[in-house]
Amino acid sequence: MSLKVSIIPVTPFVQNCCLLCCEETGLAAVVDPGGEIDRILEVAQAAQVEIEKILITHGHIDHVGGVAALADWLSGVPVEGPHRADQFWIDMLEARAEAFGLPGARAFAPNRWLEQGDTVSFGNITLAVRHCPGHTPGHVVYFHPESRLALVGDVLFQGSIGRTDLPRSDFDALIRSIREQLWPLGDDVQFIPGHGPMSTFGVERRGNPFVSDRILASYNRGAPAG
């Protein structure tokens, strides 16, 4: 099925909100509307698509700050994701918004929490769900096999990985998620991270200073490589 993707960096966090469009049906999903919903709606209008679903990778405010407002604007389209383990982050949204000076962010109740092995659909597009804890305990990744494309949120970046110095983050879990949930998808898979430019799993396996094959081999021996 034909999938078209528009990356929309939003808010001062420059978070990669994505508009995923099914070209066969004109139906779309928004992934991680962190804010600036007017911009997101403008991109959807220019693409002449109808947003029928909101998908969430994890509960940090830069990824979900605009979820409640966008769902309201779209007359209650369903919100799917993340995994239930991130509910505590969603419950703290208003306090986090005040701390970061981001007015308008509100807590919300996803219509569907996601689990490892689930799928989500819009139009004729189906995405596989992979539970990838570490950056947050409830982080999920979306994978479209036909396009060889993954939306990985803050699990993996070009040349880096997600932070693990936040509440309920876990460095070891993050490394396992990358090694066991992402790398098996294939070196040719392109990925859109939550921030920054796209890359491929193969490029990161060769040169990422945190999770290259050489570095992971050193972890297996009990100490990171120098």
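One can find the structure itself at the top, above this paragraph.
What you are looking at is a predicted structure, and each value in this text was computed from that prediction instead of being measured. (Residues numbered from 1 in each chain as written. Predicted model: local features only at pLDDT ≥ 70, side-chain atom pairs only at ≥ 80, totals over all residues. Heavy atoms only, no water.)

J.: Lay out the pairing of strand E1 (residues 3-10) in plain terms, naming residues and giving numbers.
T.: Two faces, one strand: in a regular strand the side chains alternate between the faces of the sheet. The pairing of E1 with strand E2 (residues 15-22) spans eight bridges and is antiparallel. Along E2, the bridge assignment pairs Pro9 with Asn16. Hairpin geometry of E1 and E2 is characterised by an intervening segment of four residues between the two adjacent antiparallel strands and by a positive phi of about 65° at Thr11. (Pairing = 2+ DSSP bridges. Helix = DSSP H or I, 4+ residues; strand = E, 2+ residues; numbered from the N terminus.)

J.: Provide a residue-level description of helix H6 (residues 171-182), including the pertinent values.
T.: For H6, which comprises twelve residues, the first-to-last C-alpha distance of 16 Å matches the rise-based estimate of 16 Å (1.5 Å per residue) to within 8%. Looking only at H6, the buried set comprises Ala173, Leu174, Ile175, Ser177, Ile178, Gln181 and Leu182. Where H6 begins, the capping side chain belongs to Asp170, and its oxygen is found 3.0 Å from the backbone nitrogen of Asp172. (Expected span 1.5 Å × (residues − 1). Buried < 20%, exposed > 50% of the residue type's maximum accessible area, 1.4 Å probe, protein only. Polar contact = N/O pair within 3.5 Å; in protein donor to acceptor, adjacent residues only side chain to side chain.)

J.: Can you break down the pattern of salt bridges residue by residue, with the values?
T.: Going through the model one piece at a time under the given rule, you end up with nine salt bridges. A salt bridge links Glu80 to Lys53; its shortest N-O distance comes to 3.2 Å. Of this pair, Glu80 sits in strand E5 (residues 79-80) while Lys53 sits in strand E4 (residues 50-55); the two residues are 27 residues apart in sequence, bridging distant segments of the chain. Lys53 carries the same exposure label as Glu80, and that label is buried. Asp213 is paired through a salt bridge with Arg205; the nearest N and O atoms lie 2.9 Å apart. Three or more residues joined by partner-sharing salt bridges are found here, namely Lys53, Glu80, Arg112 and Asp118. (Salt bridge = Lys/Arg side-chain N within 4 Å of Asp/Glu carboxyl O.)

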